[in-house]
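Chain residues, written in single-letter form:
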Amino acid sequence: MRRPNWVPEGTDLDKPNAARVYDYYLGGSHNFEVDREMARKAIELWPELPQIMRSNRAFLRRAVQFAAERGIGRFLDIGSGIPSFGAVHEIARAIRPEAQVVYVDRDPVAVAHSRLLLEDDPGSSVVQADVRDVEDLMSRPEVTALLAAGEPVAVLLVAVMHFVQDAEDPWKLIAVIRDALPPGSALVLSHASLEGRPDQAEDHQRLYRMTPTPLTMRTHEQITAMFEGFDLVEPGVVYLPQWRPDQPETVGEHPERMAGVAGVGFRP
C-alpha cells in the first residue's frame, strides 16, 4: 500500500486502528480498507454505531460550547483522535476567539495528522502521550504551559476512558488529572455504557479485542464515579442525546440506544 503523507513511518497499515475506524464512522477520509472492513463488521453487529459516534461528537460540541460560555478558554483534549468534523479549537473560538487547545493522543496516525492540520495555528498544539501514563502526560511542556496561568481548563475525555482497562485504574488516572487542575476547571466525559444495549455489549467488546485498543464498557455507577471531586452539572450523567440537547424533541423515545453516557463536572 502506498503510504499517504499524513501517515508516519512505522505505522502498521495491516491492522485496524480505533482512531481511523472512528473517522470512518463520522464520514471522514483518513482511514484505510482494513479500518473500513472492521467498521462494516461492527455495523453488521450493531447497525446504529455510526449514529452513536455522531451522537458522541454532538455531545462534544455542546459540552465545549457550554464550557466556553461558562468562561473557560483553555482546553485539554485527551484521546482527541483525528480532529475532523468540528475540532475543539473551532468550536471554542466561535465563542472565545482567544481559546487555546492542547490535543493529546497516543496514536501516531492521529498525532501526525493533527500536527499537519494545526502547524499554522499558534493557539493549538499536539502531544503524543498516553493517558495511562498520566504523570508523563501531565508533565509535558504543552500541558504544563496550559495549566501554568492558573486559569480554569476544560479536560475532555470523550470516548476515551473505555479504552482503559480496569486493571489500569481509570478512576485513579482521572484523579491525578483532577488534582492538577485549577479551581473552576471542568471534566467533560463520555463513556460506553453496559446498560444501554446489554444485548450488544459483549459482541462489540469482542470485536475491539482485535485491535490494539480493546474496549471496556462500564456501568452507570462506575462511570459516575469518574466524576469524584467534581460537581456535576444538570442533568448529571445521562445518555448522550439527553445531555443539554439543542432541541429537546430530538432526543427521541429511546436515548439508551445510543449506548453511551456523558456528563460535565466542575472542580470547586
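That block above? That's the structure.
Computed from a predicted structure; not experimentally measured. (Residues numbered from 1 in each chain as written. Predicted model: local features only at pLDDT ≥ 70, side-chain atom pairs only at ≥ 80, totals over all residues. Heavy atoms only, no water.)

**Student:** Lay out the side chain of Ser-190 with the relevant residues and their values.
**Tutor:** Tracing the backbone through its elements, the reader meets Ser-190 in strand 5 (residues 186–192). You can call Ser-190 buried: its relative accessible area is 1%. Among the polar contacts listed, one links the side chain of Ser-190 to the side chain of Asn-56, at a separation of 2.6 Å. In this structure, Ser-190 is in contact with Asn-56, Phe-59, Leu-157, Val-158, Ala-159, Val-160, Leu-240, Val-261 and Ala-262, ignoring residues within four places of it in sequence. (Helix = DSSP H or I, 4+ residues; strand = E, 2+ residues; numbered from the N terminus. Buried < 20%, exposed > 50% of the residue type's maximum accessible area, 1.4 Å probe, protein only. Polar contact = N/O pair within 3.5 Å; in protein donor to acceptor, adjacent residues only side chain to side chain. Contact = heavy atoms within 4.5 Å.)

**Student:** Help me get a handle on the packing of aromatic side chains, residues and values and all.
**Tutor:** Counted under the stated rule, the structure contains three aromatic pairs. The interplanar angle of 90 degrees and the centroid separation of 5.6 Å between the aromatic rings of Phe-66 and Trp-243 together place this pair among those described as edge-to-face. Linking Phe-66 in helix 3 (residues 49–69) with Trp-243 in the loop between strand 7 (238–239) and strand 8 (260–266), this pair joins segments that are 177 residues apart in sequence. Of the two residues examined, Phe-66 and Trp-243, each falls in the buried class. (Phe/Tyr/Trp six-rings, centres within 6.5 Å; stacked < 30°, edge-to-face > 60°.)

**Student:** Tell me what's going on with the pattern of salt bridges, and back it up with residues and numbers.
**Tutor:** In the structure shown here, the tally under the stated rule is 14 salt bridges. For Glu-98, the salt bridge identified is with Arg-96, shortest N-O distance 2.8 Å. For Glu-98, a relative accessible area of 46% corresponds to the partly exposed category. A salt bridge links Glu-168 to Arg-132; its shortest N-O distance comes to 3.3 Å. Here Arg-132 lies in the loop between strand 3 (124–128) and helix 6 (134–139) and Glu-168 lies in the loop between strand 4 (154–158) and helix 8 (170–180), a separation of 36 residues in the sequence. (Salt bridge = Lys/Arg side-chain N within 4 Å of Asp/Glu carboxyl O.)

**Student:** How would you explain helix 3 if you had to name every residue and give the values?
**Tutor:** In a regular helix each residue adds 1.5 Å, so 21 residues correspond to 30 Å; helix 3 covers 30 Å between its end C-alpha atoms and thus fits that length. Of all 21 residues in helix 3, 15 are buried; the element is thus mostly enclosed. Positive backbone phi, approximately 100 degrees, marks Gly-71, located one or two places after helix 3. (Expected span 1.5 Å × (residues − 1).)

**Student:** Tell me about the pairing of strand 2 (residues 100–105), and name the residues and values.
**Tutor:** Counting buried positions along strand 2 yields five of six residues, so the element is predominantly enclosed. Where strand 1 (residues 74–78) meets strand 2, five bridges bridge the pair, whose relative direction is parallel. Paired with Arg-74 across the bridge in strand 2 is Gln-100. Pairing of strand 2 with strand 3 involves five bridges; the strand directions are parallel. Residue pairing across strands places Val-104 opposite Val-127, the latter belonging to strand 3. Taking the sense of rotation as the criterion, the β-α-β connection linking strand 2, helix 5 (residues 108–118) and strand 3 turns out right-handed. (Pairing = 2+ DSSP bridges. Right-handed = clockwise from strand over helix to strand, strands pointing away.)

**Student:** How would you sum up the environment of Gly-79? Please name residues and give values.
**Tutor:** Of note, Gly-79 is situated in the loop between strand 1 and helix 4 (88–93). For the pair formed by Gly-79 and Arg-106, sequence separation is 27 residues and the distance between their alpha carbons is 7.2 Å.

**Student:** Lay out the pairing of strand 5 in plain terms, naming residues and giving numbers.
**Tutor:** Strand 5 sits mainly inside the fold: seven of its seven residues count as buried. Side chains of strand 5 alternate between two faces, with Ala-186, Val-188, Ser-190 and Ala-192 and Leu-187, Leu-189 and His-191 buried alike. The pairing of strand 4 with strand 5 spans five bridges and is classified as parallel. Across the sheet, the residue bridging to Val-155 is Leu-187, located in strand 5. A crossover connection joins strand 4 to the parallel strand 5 through helix 8; in handedness this β-α-β unit is right-handed. In terms of strand pairing, strand 5 meets strand 8 through seven bridges, oriented antiparallel. Bridging across to strand 8, Ala-186 finds its partner in Phe-266.

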